[in-house]
Protein chains: 2
Amino acid sequence: MKLTDIYLHLRSDINKIEKEIERNIDANHPVLQEASSHLLKAGGKRIRPVFVLLSAQFGTYDLREIKNIAVPLEMIHMGSLVHDDVIDNAELRRGEKTIKAKWDNRVAMYTGDYIFAKAVEMATNCNAPGINAVLADAMVEMCLGEVEQIRDQYNWNQNLRMYFRRIKRKTALLIAVSCQLGAIAANAPVPYQKELWRYGYYVGMAFQITDDILDFVGTEKELGKPAGSDLIQGNVTLPALYAMEKDPQLRKTIIEHLENDVINKEQVKGIIESIKKSGAVVFSKVIADRYLEKARSALDNLPDGQPKSALNQIANYIGDRKF
Amino acid sequence: MKLTDIYLHLRSDINKIEKEIERNIDANHPVLQEASSHLLKAGGKRIRPVFVLLSAQFGTYDLREIKNIAVPLEMIHMGSLVHDDVIDNAELRRGEKTIKAKWDNRVAMYTGDYIFAKAVEMATNCNAPGINAVLADAMVEMCLGEVEQIRDQYNWNQNLRMYFRRIKRKTALLIAVSCQLGAIAANAPVPYQKELWRYGYYVGMAFQITDDILDFVGTEKELGKPAGSDLIQGNVTLPALYAMEKDPQLRKTIIEHLENDVINKEQVKGIIESIKKSGAVVFSKVIADRYLEKARSALDNLPDGQPKSALNQIANYIGDRKF
C-alpha cells in the first residue's frame, strides 16, 4: 500500500495545502524564488499536513481554518531542512541538489529564517486560542534538538537516553503537535486533542527510528544519499549505538575510522555490514514497533471511522516502510 | 547627554527586561548557555525595549503586559546579530568575541533560531490582539532585508532606492514596530499607535544611516571593529554610494580594490579618506537629519509630557551620536 492511498479522501485538500505552501514561500523575490523552487521540487511526503487534516476530522473540519496550521507546520519542517543542509553539508537530499549546493550557506540560512517567519505569520491567522504558543514551543524544542545533535556529534560515549531525547525534540514533537493542533483548530474535544498528541508523539519516534534504520539498510538510490551518511557525519543513531555497545571491537573500529578525516567507501561498507550483523537493525525495529504499538493504543479512546482507520494505517505503513 | 539619562525614569523597568532576556536565552542548556552569555556580555543599548516602554506610556502602562513585547523585540534583534555573525564572518562585534569565533557557525545558526523561537513563544503571552501578526510580519521583512543585503553585496550598480529599502527592512521596521507594539500593548489610542510607528520608522532610518556614517568616521576603538568594515565586506552603504556616484575615479579604485581578494590597510585607509573628502559624510548626515525631522514631526500629534520629551531627546541623541 502506498502512503497516498491511505488519505485518498484528503487528496484535494492536500493539494490546496501544497499550493498555499508554494504561494507562501515564493515571496515574489528573485533570490528566494530560485531557492524555494528547489525546495518545493525536492518535495516530501507532506506528512505533517496529513496528520493535521486527519486529526481535524475528529472535530469540525473546515479547511479554511485548518490550513492556517497545516501550512505553517510543513513550512517549519521545510525551514529546518534548509538549515539542516547548511549544517550537514549534505550535497543531496532526496536526490535533488540542495539549496546550499546552488547558493551559498548564507542565503540558505536566511531562506530558512524567512520560511520560519512566514510560518509564524500565517499561524497568527488561526482563530483557536493557544495555537501560536504550542507552535512556538515546538519550534523552541526543535532548535534545542538541533543544538543537541551538534553537541552529540562524534560523541562516542552518549547513551540511548540522549538519542531518544534528541529525536523527540528533532522529529517527534512536531508530529505530535501536528496532530494536537489539527484537533484544536477543528475544536475537537480536549481528550481527543491529548490522545492525538500522544499518537503523533509515538508515531514520530517510530518514524525517526525507521529513518535511522533505513540510513543503514537502504540503497543509495532509495535514500538519495549514500548509506551510512548519518554515521559518516558523526551522527550516532540507534543502530550504531546498539552495535557499538554490543561489539567493543566494532566500536573501536568505528571510532578509529571516523576520527580520521578520510574514510573510504570500502571502510564505510565494512562498518555498515558489521552493524547489520550485530543485530542492531532487528533491535531498532523492535523499539520502533513498540512505539507504533503505543501509537495505536493512543487511538483506542477515539471514535471509530475513516480518520482513525487512516491513522492506524499510517502506523502500519511506518512499520513496513522500506524507504 | 548619555542615552541612558534620557530614560532614567525607566531604568528599573529596563533592568527587569534585561533580567527577563537573560532568563529566556539561558535555556538551562550548556551549549546555549555559553553562547548566550557571550551575547549578553556583548550587550547593546537595548534601544528597542526603550522604545516599547516609552511608547507604552501613551497608554495604560503595565510592565507585566509590556514586557511580553519588549523582551521578544530585543531578542529578535539579538537573534539577527547572531545570524549576522555567521554571515559577515565578523570576528568582533562591540569588541567582544562573537559566538562564531568561539563556537562554530552551526551552533551560532541554531542559537539564532532558538532565540527567534523563544521570542515568538514569549510574545504569545500578550493579551492584545494582533501583536503576534505584527511581530511575525516584521520578522519576515527583516529576513527579506538580510537576503537583499546578500544579493546587493559587491553590486556596484545598485542605487539609493535599493539601499533605503534594505535598511528599512533590516533596521527601521523593527524599531517602528517596537513603538507601535508598545502602544498597542498599553492599549493606547489607534492614532497614537500610528504616529508612534511613523516616529519609529523615521528614527530607525536615521539610526541606520548614522551607523553607516560611523563605520567610515569612527575609530577602531569606538566601533569595536576596523573602520570601513562594511565596505570591505562588500556592503555598499549611503556614504559609499554617494562618493562613488560623485567621483568616477574613486568608484573605479574602490571596485578594483574590492574585487581583489587581498586589500591592505593602507588601501582601505586611502579609500576611506577619499570617501570622506567627497562630501559623502555631510550628504549622509543631511539625509539622516531629514529623517529625524520627520520623526520629530510624527510626535506633534501626541500629548506633551515625559515620554514625548524623551522620544524627542532620543531623536536629538541619534543626530548627535558619535559612536
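For the structure itself, look to the data block above.
Keep in mind that what you see is a predicted model, and the values were worked out from it rather than measured.

## Description of the side chain of Arg169 of chain B
Residue and element names in this part refer to chain B. Examined against the element boundaries, Arg169 turns out to sit in helix α9 (residues 160-185). A relative accessible area of 18% means that Arg169 is categorised as buried. Reaching out from Arg169, the side chain makes a polar contact with the side chain of Glu141 at a distance of 2.7 Å. With near-sequence residues (within four places) excluded, Arg169 lies in contact with Glu141, Met142, Leu144, Gly145 and Glu148.

## Remarks on the packing of aromatic side chains
Residues and elements named next belong to chain A. Taken as a whole and assessed by the stated rule, the structure comprises 18 aromatic pairs over all chains. Between Phe58 and Tyr192, the ring centres sit 6.4 Å apart and the planes meet at 80°, which makes this aromatic pair edge-to-face. Of the two residues, Phe58 is situated in the loop between α4 (47-56) and α5 (63-88) and Tyr192 in helix α10 (residues 190-217); the sequence distance between them amounts to 134 residues. A relative accessible area of 8% means that Phe58 is categorised as buried. Taking the centre distance of 6.2 Å and the plane angle of 75° together, the rings of Tyr154 and Trp156 count as edge-to-face.

## Some points on the relation of the copies chain A and chain B
In summary, the two copies of the chain are related to each other by a rotation about an axis coupled with a shift along it. Note on the identical chains: chain A maps onto chain B by a rotation of 180° and an axial translation of 0.0 Å, with an RMSD of 0.0 Å. Expressed as a symmetry operation, the mapping of one chain copy onto the other fits a two-fold axis. A high fraction, 100%, of the interface residues of chain A reappear at the interface in chain B, so the copies pair face to face through one surface.

## Re the interface of chain A and chain B
Contacts between the two partners involve 33 residues from chain A, matched on the other side by 33 residues from chain B. Between chain A and chain B, a total of about 3300 Å² is buried, with carbon and sulfur atoms accounting for 76% of that surface. For chain A, the biggest contributors to the area lost against chain B are Arg106, Tyr110 and Val147 of chain A; these three give 21% of the whole. Run the count over chain A and chain B and you get 0 salt bridges. Counting the contacts that link chain A with chain B gives 6 residue pairs in polar contact (both at pLDDT 80 or more). Contributions of two or more residues to the side of chain A that touches chain B are made by α3 (30-42), α5, α7 (105-123) and α8 (131-152) of chain A. At 13 residues, the largest contribution of residues to the side of chain A that touches chain B is made by α8 of chain A.

## Brief notes about unusual backbone geometry
In this model, Tyr154 of chain A sits at a positive phi of 60°, which is unusual for a non-glycine residue. Its location among the elements puts Tyr154 of chain A in the loop between α8 and α9 (160-185). In this structure Tyr154 of chain A comes out as partly exposed when scored by relative accessible area, which is 35%. We note that Asn187 of chain B has phi near 60°; this positive angle belongs to a residue other than glycine. Here Asn187 of chain B shows up in the loop between α9 and α10 (190-217). Accessibility expressed as a relative area gives 66% for Asn187 of chain B, which makes it exposed.

## A closer look at the pattern of salt bridges
All names here are of chain A. A complete count under the given rule lists 35 salt bridges over all chains for this structure. In this structure, Glu148 and Arg169 form a salt bridge, with 2.3 Å as the shortest nitrogen-oxygen distance. One end of the pair, Glu148, is in helix α8; the other, Arg169, is in helix α9, and 21 residues separate them in sequence. We note that Glu148, like Arg169, is buried. One salt bridge in this structure joins Lys276 and Glu273, with 3.7 Å as the shortest N-O distance. Remark: Glu273 and Lys276 occur in helix α15 (residues 265-277); sequence separation between them is 3 residues, near one turn of the helix. According to the relative accessible area criterion, Glu273 is partly exposed, its value standing at 35%. One salt-bridge network, held together by shared partners, links Glu141, Glu148, Arg165 and Arg169.

Calculation rules
Counting from 1, residues in each chain are numbered in the order their sequence is written. The naming scheme follows written order: chains are lettered A onward, ligands numbered 1 onward. Where totals are concerned, whole chains, interfaces and linings use all residues; where local detail is concerned, this predicted model gives features only for residues with pLDDT of at least 70, and gives and counts side-chain atom pairs only at 80 or more. With hydrogens and water set aside, each side-chain value is computed from the structure's full complement of heavy atoms. Working definition: helices are DSSP H or I runs of at least four residues, strands are E runs of at least two. Numbering for both runs from the N terminus. Here's how the labels work: a residue is buried when its accessible area is under 20% of the maximum for its type, exposed when over 50%, partly exposed in between, all with a 1.4 Å probe on protein chains only. Under this definition, polar contacts are N or O atom pairs within 3.5 Å; protein pairs additionally need one hydrogen-donor-capable and one acceptor-capable atom, and for neighbouring residues in sequence, both atoms have to be side-chain atoms. We call two residues in contact when some of their heavy atoms are within 4.5 Å. Between the rings of Phe, Tyr and Trp (Trp by its six-membered ring), a pair exists once the centres lie within 6.5 Å; its type follows the angle of the planes, with under 30 degrees stacked, over 60 edge-to-face, and the other angles tilted. To line up the copies, we fit them by least squares on C-alpha atoms, keeping just the residues with pLDDT of at least 70 in both. Accessible area that two parts lose when put together, with a 1.4 Å probe and added across both, is what the buried area reports. The salt bridge criterion pairs a side-chain nitrogen of Lys or Arg with a carboxyl oxygen of Asp or Glu, the two atoms within 4 Å.

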